[in-house]
Amino acid sequence: FELTPRIRSEADLVAADRFQVMLSTAVYAGLALLLLLGGGMYGALRDRQYLYYMVYVGAALVFLFAHNGSLYALPWVKHWGHWRTLGLCALVNVLAAATVVTARGFAGLSRTTPAFDRGLKLFLVVPGVLVLACLLDLSASVRALQYASMLDQVVAGVLAAATTVL
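Residues numbered from 1 in each chain as written. Predicted model: local features only at pLDDT ≥ 70, side-chain atom pairs only at ≥ 80, totals over all residues. Heavy atoms only, no water.

Turning our eyes to something else, we now look at the overall build of the protein. Of the regular secondary structure elements, the protein holds 7 helices and 0 strands. Reading the helices (α) and strands (β) of the protein from amino to carboxyl end gives α-α-α-α-α-α-α. With the C-alpha coordinates aligned to their principal axes, the bounding extent of the protein is approximately 60 × 45 × 45 Å. Among the 166 residues that make up the protein, the fraction classed as buried is 29%. In the protein, the share of contacts with a sequence separation of at least 24, taken over all contacts with a separation of at least 6, comes to 69%. Working note: accessible area of the protein is about 10800 Å², and carbon and sulfur atoms make up 69% of it. Taking the 12 positively charged and 8 negatively charged side chains of the protein as two groups, their mean positions are separated by 11 Å. (Helix = DSSP H or I, 4+ residues; strand = E, 2+ residues; numbered from the N terminus. Buried < 20%, exposed > 50% of the residue type's maximum accessible area, 1.4 Å probe, protein only. Contact = heavy atoms within 4.5 Å. Areas by Shrake-Rupley, 256 points an atom, 1.4 Å probe, with all protein chains shown as cover. Lys, Arg positive; Asp, Glu negative; His and termini not counted. Charge placed at Lys NZ, Arg CZ, Asp CG, Glu CD.)

By the burial criterion, the buried members of helix α6 (residues 125-135) are Pro-127, Leu-130, Val-131, Ala-133 and Cys-134. Each buried residue of α6 sits inside an arc of 165 degrees when the element is viewed along its axis, so together they form one side. Exposed residues on α6 whose side chains face more than 90 degrees from its buried face are Val-125, Val-129 and Leu-132. Close packing links the buried residues of α6 with α3 (84-107), α5 (114-123) and α7 (142-165). Where α6 ends, the next residue or the one after it, Asp-137, has phi of about 60 degrees, a positive value. (Arc of directions from axis to C-beta.)

Of the residues making up α5, those classed as buried are Asp-117, Leu-120 and Phe-123. Down the axis of α5, the sector holding all buried residues measures 115 degrees, keeping them to one side. Relative to its buried face, α5 has exposed residues pointing more than 90 degrees away, namely Ala-115, Arg-118 and Leu-122. Residues of α5 that are buried make contact with α3, α4 (109-112), α6 and α7.

Across all of its chains, the model carries 1 salt bridge by this definition. Between Asp-117 and Arg-104 there is a salt bridge, and its shortest N-O distance comes to 2.5 Å. Taken together, the residues Asp-117 in helix α5 and Arg-104 in helix α3 connect sequence positions 13 residues apart. Judged by its relative accessible area of 21%, Arg-104 falls in the partly exposed class. (Salt bridge = Lys/Arg side-chain N within 4 Å of Asp/Glu carboxyl O.)

Attention now moves to the packing of aromatic side chains. Evaluated as defined, the whole model comprises 3 aromatic pairs. Ring centres of Tyr-50 and Phe-106 lie 6.1 Å apart, and the angle between their planes is 75 degrees; on these two criteria the pair is classed as edge-to-face. Of the two residues, Tyr-50 is situated in helix α2 (residues 48-68) and Phe-106 in helix α3; the sequence distance between them amounts to 56 residues. By relative accessible area, Phe-106 is classed as partly exposed at 48%. On the numbers, 6.4 Å between centres and 75 degrees between planes, the contact of Tyr-53 with Phe-106 is edge-to-face. Of the two residues, Tyr-53 is situated in helix α2 and Phe-106 in helix α3; the sequence distance between them amounts to 53 residues. In this structure an aromatic cluster arises from ring pairing among Tyr-50, Tyr-53 and Phe-106. (Phe/Tyr/Trp six-rings, centres within 6.5 Å; stacked < 30°, edge-to-face > 60°.)

Next up, the structure:
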């Protein structure tokens, strides 16, 4: 365990960068495959839940593209880059809402625990309001929207985990 700073060679930096690109490509390809599988399942079963699943996987894919900066390199999306941090916060909130909707649908809470299901439906208002606030480009409140989006994603994860228990 060594904490002294070291100067890395150019070959080490190129290898680390190449590994990062390969890892990102593998994650993107995996999510794209899951998106296609969700579309196939929807086509075969005609169940709305697979559409929700596709929105969830698509939101995750778009968020990762935006987080890595790849999204804004696309020609039809590069003009959205002016949202910067607020655009990422809006995508996080879309992902939070998609997480709750997908977990809610797969768990079938409307039959087992209708009160918790109503609470999850009400929770979906929070990401919607935060997405609108982020897209209004309120640059004075960027830090508050970042914290609210982060908290929203954590709460969505906890709620999604709670649906598996109930």
